[in-house]
Amino acid sequence: MGLSIGIVGLPNVGKSTLFNALTRAQNAESANYPFCTIEPNRAVVPVPDLRLYKLQELASSQKVIHATVDFIDIAGLVRGASKGEGLGNQFLANIRECDAILHVVRCFENDDVIHVDGAVDPIRDMETIDTELILADLQAAERKAERLGKQIKGDKRLAPQMDLLRGLIDHLNAGRPASEMTELHSDPGAELRRDLLLITFKPVIFAMNVDEDGLGEDNAHVRRVREAAQARAAGAVKISARMEEELAGLSPEEAAEFLASYGVQESGLDLIIRAGYEMLGLCSYFTAGPKEVRAWTIRQGWKAPQGAGVIHTDFERGFIRAEVIAYEDYVKHGSEAKCRAAGVLRVEGKEYVLKDGDVVHFLFNA
Ligand SMILES: Nc1ncnc2c1ncn2[C@@H]1O[C@H](COP(=O)(O)OP(=O)(O)OP(=O)(O)O)[C@@H](O)[C@H]1O
Ligand SMILES: [Mg+2]
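Residues numbered from 1 in each chain as written. Chains lettered and ligands numbered in written order. Predicted model: local features only at pLDDT ≥ 70, side-chain atom pairs only at ≥ 80, totals over all residues.

- For the protein chain, an unreviewed UniProt entry supplies the name Ribosome-binding ATPase YchF and the organism Desulfomicrobium orale DSM 12838.
- Quoted verbatim from the Cofactor (unreviewed entry) field of the UniProt record, the comment on the protein chain reads "Mg(2+)". (UniProt positions renumbered as here; feature names shortened; annotations may be inferred.)

Structure below.
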């Protein structure tokens, strides 16, 4: 399973600048990971993880394959997008399949960059976008209610589903995101969630786009967005999209130096990816051999067979056992053979819960 993140925001807030930086990061690594097909609005970006290089060195692997995150860029949403204003509405469908939403808000002043609503005001901008996303979900919910209304005549068992749907429509009509509707988080809500792919049910990370001056101390815009994000349990990451674009063209060493000159340690892209992993409860385990060292993305709490299924469905179906070495043990002892000799290679069964950093070898029946 990969992680996919849809980028939304008003026009001219820096979405494409950020997306270009992501695309350049993608191209820089494209030799190193499998899915190189690139759609114009999709960037497949490697998840930075230095542990992979350490394992490569120890296992003398030919190559490293990172886990990846898909980013999807859409045209800026404007007020009325859900009613067909602007280009945004037709693109909203593109982000329904995403796992999380990256909401870019403008937190930089610059008279040369026009703001569609006149002045820079990230809180007002957030509300504009939220409203459009809520309206898009409302449309989806109303269409579903129409279909369900017809089906229900032949099948009364659908009544609870309809009640839930009506509740959702009222909730969205009141201007509230689907994520705040308690009933939707329950088991009976699962079907509706799967069916409608509600945008406002997805976790949100705010990317607060500042200029270079804003990277040090938080400016007033950033402080307001941080507060608002906290109040609704959303993530918030301060970035400079323009600087990320420059960074993406540099070697890792040059990039580190460049960041340090602004007093920053980690690139905005890395912060965004990490925030996404955290919000969705994801982690990685590794496979390591002479051909390749590779990171695989799973959800925290997954058991070994389910995690094996990420590599191949046969691995899940025919799962026998897993040989597991914790990353720290692998590094400490230096090789699989030495780990085995030292007794830190564990043989685990179906009930084993995979941990971040496990180096795993699966045994299975084909
Ligand atoms: N951090 C930043 N600091 C200063 N200027 C920036 C920053 N990020 C973006 N810009 C500038 O803002 C302008 C708009 O950026 P961009 O084209 O990325 O917006 P967008 O959100 O993709 O707009 P649209 O929705 O119309 O596609 C560009 O001129 C860009 O250089
Ligand atoms: Mg754009």
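**Things to note about the environment of Ile7**
Now for step 1: Here Ile7 lies in strand S1 (residues 3–8).
Now for step 2: Along the chain, Ile7 and Phe206 lie 199 residues apart, while their C-alpha atoms are 9.9 Å from each other.
Now for step 3: Among all residues touching Ile7, those that are not within four sequence positions of it are Lys15, Leu18, Phe19, Phe71, Ile72, Asp73, Ile74, Leu102 and Val104. (Helix = DSSP H or I, 4+ residues; strand = E, 2+ residues; numbered from the N terminus. Contact = placed C-beta atoms within 7 Å.)

**Concerning the nonpolar core**
Now for step 1: Formed by 97 residues in total, the largest nonpolar core has its most connected members in Ile7, Phe71, Leu102, Ile205, Phe206, Ala207 and Met208.
Now for step 2: Here the element with the most residues in this core is helix H4 (residues 122–151); it accounts for nine residues.
Now for step 3: Sequence-distant contacts of Ala207, that is, excluding residues within four places in its chain, are made with Leu18, Leu102, His103, Val104, Val237, Ile239 and Ile272. (Core = buried A, V, L, I, M, F, W, Y, C linked by C-beta atoms within 7 Å. Buried ≥ 20, exposed ≤ 12 C-beta atoms within 10 Å, placed from the backbone.)

**Points about the UniProt feature "domain: TGS" (unreviewed entry) in the protein chain**
Now for step 1: UniProt feature "domain: TGS" (unreviewed entry): in the numbering of this structure it lies at residues 281–364.
Now for step 2: Note that residues 281–364 is 29% helix and 39% strand, and that its end C-alpha atoms are spaced 27 Å apart.

**Section: the domain arrangement of the protein chain**
In many reports, interface size means the accessible area that the parts give up when they come together.
Now for step 1: Structurally, the protein chain comprises domain 1 (4–279) and domain 2 (301–364).
Now for step 2: Each of domain 1 and domain 2 has a C-alpha centre, and these two points are 32 Å apart.
Now for step 3: Facing the four residues of domain 1 at the interface are seven residues of domain 2.
Now for step 4: Split into classes, the residues belonging to the side of domain 1 that touches domain 2 amount to two nonpolar, no polar and two charged. (Domains from an automatic or database assignment. Nonpolar A, V, L, I, M, F, W, Y, C, P; charged D, E, K, R; others polar.)

**A word on the site of ligand 1**
Now for step 1: Around ligand 1, the surrounding shell holds 19 residues, and the nearest of these are Gly14, Lys15, Ser16, Thr17 and Gly76.
Now for step 2: Among the elements of the structure, helix H1 (15–29) and helix H8 (241–248) are those that each provide at least two residues to the shell around ligand 1.
Now for step 3: The leading source of residues in the shell around ligand 1 is H1, at three residues.
Now for step 4: For the shell around ligand 1, the class distribution of residues is seven nonpolar, nine polar and three charged. (Near = placed C-beta within 6 Å.)

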